[in-house]
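# Summary of the model geometry
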Amino acid sequence: MAIFGLYNFKGGVGKTASAVNLAYLSSRKARTLLWDLDPQGASTFYLSGETRRKGAKKLISGKRSATAYVEGTPFEGLDLIPANFSFRNLDIVLEQGKKPECRLSRLMKPLCKAYEHVFLDCPPNISLSAESVFRAVDVLLVPALPSTLSLRTFELITEHVSDWGKKAPRVIPFFCMVDRRRRLHRDICSAMCQGHYGFASTVIPSASAVERMGVERAPLFCYGAKTPPAQAYRELWGEIQALVSH
Ligand SMILES: Nc1ncnc2c1ncn2[C@@H]1O[C@H](COP(=O)(O)OP(=O)(O)OP(=O)(O)O)[C@@H](O)[C@H]1O
Ligand SMILES: [Mg+2]
């Protein structure tokens with residue numbers, strides 16, 4: 001059982017596209033759950049689900065088991081906890097209990113028995129709920145754009161979690177929306193994928209096939225299995241699995 005959090009406090013960097021595509025790839029071989037923690041509900045939308053309006057308070061407070069919120073998707077082997085608009089109040093609800101930063105971890109316990117892999121699609125923030133995510137996951141997958149500002153954000157995340165020593169999740173950053181025609185993109189990718197930052201060597205190219213997920217309401221592989229970004233996601237998932245098993 002492994003929990004993967006797609007996280008970056010920078011917005012629009014490919015967290016949701018990657019959460020949906022990696023979860024789909026995982027679900028081909030292993031029981032997989034995607035939990036959409038973002039009240040925007042983008043991954044819920046991509047997986048043909050509906051964002052719920054309320055009901056999350058009982059979930060977050062632990063009065064109702066997370067398993068009661070699981071729904072199937074049209075994609076066999078892949079289940080979903082849909083986004084809930086009340087997740088926007090997650091920090092306030094978390095603050096009301098003891099050890100709020102450990103709450104998500106506790107809520108996920110019953111899910112661990114049912115799934116081999118759980119993916120969390122996280123909202124772009126760095127508040128108490130992000131802290132709760134950092135504690136709950138085994139692996140923090142951090143998509144980043146190949147820009148200097150984006151790298152600065154990544155350094156802040158790694159500095160933050162590395163303070164926890166052995167309790168820190170493994171951090172695997174990777175580049176998304178890479179345009180190889182741009183010199184800066186090429187330079188940043190080659191420097192960071194070989195350097196000590198541990199960026200995955202597979203980069204996800206910028207491609208309209210990924211943007212079409214919102215039109216098709218499906219993972220990329222369901223309509224564009226042969227496209228370059230689909231191939232890149234397959235390679236990235238292989239790389240992540242190899243890194244995690246060592
Ligand atoms: N590889 C890609 N190529 C082109 N467009 C992409 C790619 N990946 C994602 N996008 C597009 O970029 C936008 C942002 O992507 P996405 O929603 O995955 O980012 P995010 O980090 O989850 O954003 P947020 O912080 O708002 O949750 C979306 O319109 C998506 O379709
Ligand atoms: Mg998102």
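Computed from a predicted model, the values in this text were never measured in an experiment.

Turning our eyes to something else, we now look at the site of ligand 1. Around ligand 1, a shell composed of 18 residues is seen, among which Val13, Lys15, Thr16, Ala17 and Ala207 lie nearest. With respect to ligand 1, the backbone of Val13 contributes an N or O atom lying 2.9 Å from an oxygen atom. Ala207 places a main-chain nitrogen or oxygen 2.9 Å from a nitrogen atom of ligand 1. Contact with the protein chains removes 81% of the 630 Å² of surface that ligand 1 exposes when unbound. Only helix 1 (15-27) and helix 10 (208-211) provide two or more residues apiece to the shell around ligand 1. Broken down by element, the residue count for the shell around ligand 1 peaks at three residues, all from helix 1.

Attention shifts here to a positive patch on the surface. A cluster of basic side chains, namely Lys99, Arg106, Lys109, Arg135 and Lys167, defines a positive patch on the protein surface. Looking at the secondary structure, you find Lys167 in the loop between helix 8 (148-162) and strand 7 (170-175).

In terms of nonpolar packing, the biggest core is built from 44 residues, with Trp35, Leu104, Met108, Leu120, Leu140 and Phe175 touching the most fellow members. Leave out the neighbours within four places in its chain, and Phe175 touches Ala144, Leu145, Pro146, Leu151, Ile188, Cys189, Met192, Cys193, Phe199, Val203 and Ile204. In terms of nonpolar packing, the next biggest core, distinct from the first, is built from 36 residues, Val20, Leu25, Leu80 and Tyr233 among them.

Moving on, we get to the sheet that holds strand 7. The strand order across the open sheet built from seven strands is 3-4-2-5-1-6-7, with neighbouring strands paired in mixed fashion. Looking at which strands have only one partner, the edges of the open sheet turn out to be strand 3 (71-72) and strand 7. Note that strand 1 (residues 2-6) and strand 5 (residues 117-121) share five bridges and pair parallel. Within strand 5, the position partnered with Ile3 by the bridge is Val118. Sheet contacts for helix 12 (residues 228-244): strand 1, strand 5, strand 6 (139-144) and strand 7; angle to strand 7, the most-contacted strand, approximately 160°.

With that settled, the discussion passes to the pairing of strand 6. Of all six residues in strand 6, six are buried, a share of seventy percent or more. Because side chains alternate across strand 6, one face comprises the buried residues Val139, Leu141 and Pro143, and the other comprises Leu140, Val142 and Ala144, equally buried. Both strand 1 and strand 6 contribute to a ladder of three bridges, which runs parallel. Bridging across to strand 6, Phe4 finds its partner in Val139. Sheet topology places strand 6 next to strand 7; six bridges connect them, and they run parallel. Bridge assignment links Pro143 to a residue of strand 7, and that residue is Phe174.

Moving on: the environment of Gln40. Positionally, Gln40 belongs in the loop between strand 2 (32-36) and helix 2 (42-46). Side-chain polar atoms of Gln40 contact the side chain of Asp38, separated by 2.8 Å.

So, on to the packing of aromatic side chains. Given two aromatic rings, their pairing is described by the distance between the two centres and the angle made by the two planes. One pass over the structure, following the stated rule, counts eight aromatic pairs. Note on Phe4 and Trp237: the rings are 5.6 Å apart at their centroids and 70° apart in plane angle, and the pair reads as edge-to-face. Within this pair, whereas Phe4 is found in strand 1, its partner Trp237 is found in helix 12, the two being separated by 233 residues in sequence. For Phe4, a relative accessible area of 2% translates into the label buried. The exposure class of Trp237 is buried, given its relative accessible area of 6%. For the ring pair Tyr24 and Phe221, a centre distance of 5.7 Å and an interplane angle of 5° mean the geometry is stacked. Placement of the pair is Tyr24 in helix 1 and Phe221 in the loop between helix 11 (213-216) and helix 12, with a sequence separation of 197 residues. For Tyr24, a relative accessible area of 12% puts it in the buried group. Note on Phe221: relative accessible area 10%, which makes it buried. Chaining the aromatic ring pairs together yields one cluster made of Phe4, Phe119 and Trp237. The cationic tip of Arg28 hangs over the ring face of Tyr24; the distance from NZ or CZ to the ring centre is 4.1 Å. When the ring centre of Phe85 is taken as reference, the NZ or CZ atom of Arg53 above it lies at 5.4 Å.

Parameters at a glance
Residues numbered from 1 in each chain as written. Chains lettered and ligands numbered in written order. Predicted model: local features only at pLDDT ≥ 70, side-chain atom pairs only at ≥ 80, totals over all residues. Heavy atoms only, no water. Near = heavy atom within 4 Å. Polar contact = N/O pair within 3.5 Å; in protein donor to acceptor, adjacent residues only side chain to side chain. Areas by Shrake-Rupley, 256 points an atom, 1.4 Å probe, with all protein chains shown as cover. Helix = DSSP H or I, 4+ residues; strand = E, 2+ residues; numbered from the N terminus. Patch = residues over 30% accessible without salt bridge, like charges linked within 9 Å, V, L, I, M, F, W, Y side chains within 5 Å. Salt bridge = Lys/Arg side-chain N within 4 Å of Asp/Glu carboxyl O. Lys, Arg positive; Asp, Glu negative; His and termini not counted. Charge placed at Lys NZ, Arg CZ, Asp CG, Glu CD. Core = buried A, V, L, I, M, F, W, Y, C linked by side-chain atoms within 4.5 Å. Buried < 20%, exposed > 50% of the residue type's maximum accessible area, 1.4 Å probe, protein only. Contact = heavy atoms within 4.5 Å. Pairing = 2+ DSSP bridges. Axes fitted to C-alpha atoms, helices over the stretch in contact; angles between N-to-C directions. Phe/Tyr/Trp six-rings, centres within 6.5 Å; stacked < 30°, edge-to-face > 60°. Lys NZ or Arg CZ within 6 Å of the ring centre and 35° of its normal.

Limitation: the analysis is restricted to geometry and does not speak to function.
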